[in-house]
Structure formats: structure tokens, C-alpha cells
Amino acid sequence: MQRLKEKIIKEGSVQGSNILKVDNFLNHQIDVSFLNEIGREFARRFQDAGISKILTIEASGIAVAAITAQYIKVPVVFAKKTESKNLDQNLYQSEVFSFTKGKTYQIMVSSKYLDNNDRILIIDDFLANGRAALGLKEIVEQAGAELVGIGIVIEKGFQPGGAILREAGIRVESLAIIKTMSAGEIVFEK
Ligand code: 5GP
């Protein structure tokens, strides 16, 4: 997606060796009209996939998933990262090691919201080592639902997540794939 690449170059900044900060439009401030283009593009790519629900993870995935859902016209379910008294007792659960926070946390989805009739599209903002996506995939499996694909806004192609998921036979659609990045330069695969 050309406009996404231009925005990453213009508004993104590289932190250390492998974190891309895009707080200006995706992870802190949200550029809603630009997210509309992203949502429309995911909907176009998965239009024939018969999706019944979009699954994402709080917090940054929610905005992208919700806008995509407006085009696909299905509900969004987001995995919660924190225990809460008002969460149901019957849960699908999995563990995710957070790349940006350096710690492992539980993700949880109430069994009310996914079942074995669902065809799931997973959406997330970034793909790095694939831990978040694999944790969500495990939740889809616990529900007995079908994973039809994964939509990622920015994949860091120099980290192994994309290869792990594609080698597992999963359809992964990333709108921008970064080949290499450093403080001065970001090079895209596509
Ligand atoms: P993974 O689980 O694939 O290792 O990492 C994906 C998750 O970590 C995403 O949900 C995203 O929130 C976060 N993440 C990974 N790499 C980056 C990055 O370079 N920048 C930002 N902003 N988030 C990242």
C-alpha cells in the first residue's frame, strides 16, 4: 500500500535496532481517515473469504479491526490482556510474549463470542516474532473456529513472525513489509 509506505517514511521513527514508532497515526494518535483506507484494503483482500468475525488484541489492534469490520460488516472480538471481575468464567486463554514490553501475559476471550461456526480474520497493527498472532490462533483453535487469514498493517520482514505463520499454511496479508530499517533509512519489501 503506497500511501502507508509514504506515511511510515514521513511520520515513523526507528527506535533502537528493531522498533518502529508510528504513534502519529496508528499507536497513540489515530488518523481515522487514513485507517479507513487500511480497513477498505483489508476488506478488499479478504472479500471472498466468508469471514464471520474479526479477532484482534487490545489495545492497538482494536482501531484497525473496528474500521475493517465496518467494510466487512462483521463483529469484532478483542482478546483482553488483563483479568477483570466482569469477565466471564468460561474463557479461551493463551499466553503471549510481548515484543515491545519484554514480558509474557495471558490473553483471554469469553467463550460466548467465538464458536465452531466462525470463520475468523485476525487483524493486528504489527507483526514481529509472531507471538501475538500465534496466541490469537490458539484461541481460534480452542473455539473450534476456522482461521481464514491474518491481516497486518506493518510486518517487519527481518523478524521471523511472517515466515513462521506462512510456513504453517496461514494466509498472511501485510499492507507494508519492511525489509530493513535503521535510524536513517527504511527499506520495504513491498
Ligand atoms: P509479535 O507478537 O509479532 O512479536 O509482535 C507484534 C505485537 O507487538 C503487535 O501487537 C505490536 O503491538 C507490537 N509490536 C511489535 N513490533 C512493534 C514495533 O516495531 N512497533 C510497534 N509500535 N509495535 C510493535
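Residues numbered from 1 in each chain as written. Predicted model: local features only at pLDDT ≥ 70, side-chain atom pairs only at ≥ 80, totals over all residues. Heavy atoms only, no water.

Enquirer: Explain the nonpolar core to me, please; I cannot follow it from the model alone.
Expert: Counting 34 residues, the largest nonpolar core has Leu4, Ile8, Leu20, Leu26, Ile38 and Ile154 as its most contacted members. Looking at this core, the elements with two or more residues in it are helix 1 (2–11), helix 2 (23–27), helix 3 (32–45), helix 4 (60–72), strand 7 (119–127), strand 8 (146–156), strand 9 (172–181) and strand 10 (186–188). Beyond its immediate chain neighbours, meaning those up to four positions away, Ile38 contacts Met1, Leu4, Val64, Val153 and Leu175. Listed in part, the 25 residues of the second largest apolar core include Ile122, Leu136, Ala145 and Ile170. (Core = buried A, V, L, I, M, F, W, Y, C linked by side-chain atoms within 4.5 Å. Buried < 20%, exposed > 50% of the residue type's maximum accessible area, 1.4 Å probe, protein only. Helix = DSSP H or I, 4+ residues; strand = E, 2+ residues; numbered from the N terminus. Contact = heavy atoms within 4.5 Å.)

Enquirer: Sorry if this is basic, but what is going on with the site of the ligand here?
Expert: Around the ligand lies a shell of 16 residues, among which Leu20, Asp124, Gly130, Ala132 and Lys156 are the nearest. With respect to the ligand, the backbone of Asn129 contributes an N or O atom lying 2.8 Å from an oxygen atom. Here the ligand, which alone exposes 510 Å², has 88% of that area covered by the protein. When contributions to the shell around the ligand are tallied by element, the ones reaching two or more residues are strand 2 (19–21), strand 7 and helix 5 (131–143). Grouping the constituent residues of the shell around the ligand by class yields seven nonpolar, five polar and four charged. (Near = heavy atom within 4 Å. Polar contact = N/O pair within 3.5 Å; in protein donor to acceptor, adjacent residues only side chain to side chain. Areas by Shrake-Rupley, 256 points an atom, 1.4 Å probe, with all protein chains shown as cover. Nonpolar A, V, L, I, M, F, W, Y, C, P; charged D, E, K, R; others polar.)

Enquirer: Help me out: how do you make sense of the environment of Glu141 in this one?
Expert: Mapping Glu141 onto the fold places it in helix 5. For Glu141, a relative accessible area of 47% corresponds to the partly exposed category. Taking the C-alpha atoms as reference points, Glu141 and Asn116, 25 residues apart in sequence, are found 8.9 Å from one another.

Enquirer: What exactly am I supposed to notice about the packing of helix 1 against helix 3 here?
Expert: Packed helices, taken two at a time, are described by the angle between their axes plus the distance between the axes. Where helix 1 meets helix 3, the closest approach of the two axes is 10 Å, and the angle between their N-to-C directions is 140 degrees. In this view, helix 1 runs oblique relative to helix 3, as classed from their interaxial angle. Our pair here, helix 1 against helix 3, has a crossing hand that is left-handed. Every residue of helix 3 that contacts helix 1 at Arg3, Leu4 and Lys7 is listed here: Phe34, Glu37 and Ile38. Residues of the contact of helix 1 with helix 3, tallied by class, amount to three nonpolar, no polar and three charged. (Axes fitted to C-alpha atoms, helices over the stretch in contact; angles between N-to-C directions. Parallel < 35°, antiparallel > 145°, perpendicular 65-115°, else oblique. Left-handed = near helix turned anticlockwise from the far one by under 90°.)

Enquirer: Can you walk me through the packing of helix 3 against helix 4 in this structure?
Expert: Where helix 3 meets helix 4, the closest approach of the two axes is 8 Å, and the angle between their N-to-C directions is 55 degrees. In terms of orientation, helix 3 and helix 4 fall into the oblique class. Relative to helix 4, the crossing made by helix 3 is right-handed. In contact with Val32, Leu35, Asn36, Ile38, Gly39, Arg40, Phe42 and Ala43 of helix 3, helix 4 contributes Ala63, Val64, Ile67, Thr68, Tyr71 and Ile72. Counted by class, the contact of helix 3 with helix 4 contains ten nonpolar, three polar and one charged residues.

Enquirer: For this particular structure, what's the right way to read helix 3?
Expert: Each full turn of the α-helix corresponds to 3.6 residues, which orients residues three or four apart in the same direction. Between the first and last C-alpha of helix 3 there are 20 Å, a value that for 14 residues agrees with the 20 Å anticipated at 1.5 Å per step. Looking only at helix 3, the buried set comprises Phe34, Leu35, Ile38, Gly39, Glu41, Phe42, Ala43 and Arg45. Of the surrounding secondary structure, the elements contacted by the buried residues of helix 3 are helix 1, helix 2, helix 4, strand 7, strand 8 and strand 9. (Expected span 1.5 Å × (residues − 1).)

Enquirer: Hey, could you run me through the environment of Leu121 in this one?
Expert: Mapped onto the elements, Leu121 comes out in strand 7. Each C-alpha atom of the pair Leu121 and Asn27 lies 21 Å from the other, and the pair is 94 residues apart in sequence. Residue contacts for Leu121: discarding those within four places in its chain leaves Phe46, Ile51, Lys53, Ile54, Leu55, Ile72, Val148, Gly149, Ile150 and Gly151.

Enquirer: Which parts of the structure should I look at to understand the side chain of Asp125?
Expert: With respect to the helices and strands, the residue Asp125 is situated in strand 7. Looking at Asp125, its side chain comes within polar contact range of the side chain of Asn27, at 2.8 Å. Contacts of Asp125, omitting those with residues within four sequence positions, involve Leu26, Asn27, Ser60, Ile152, Val153 and Ile154.

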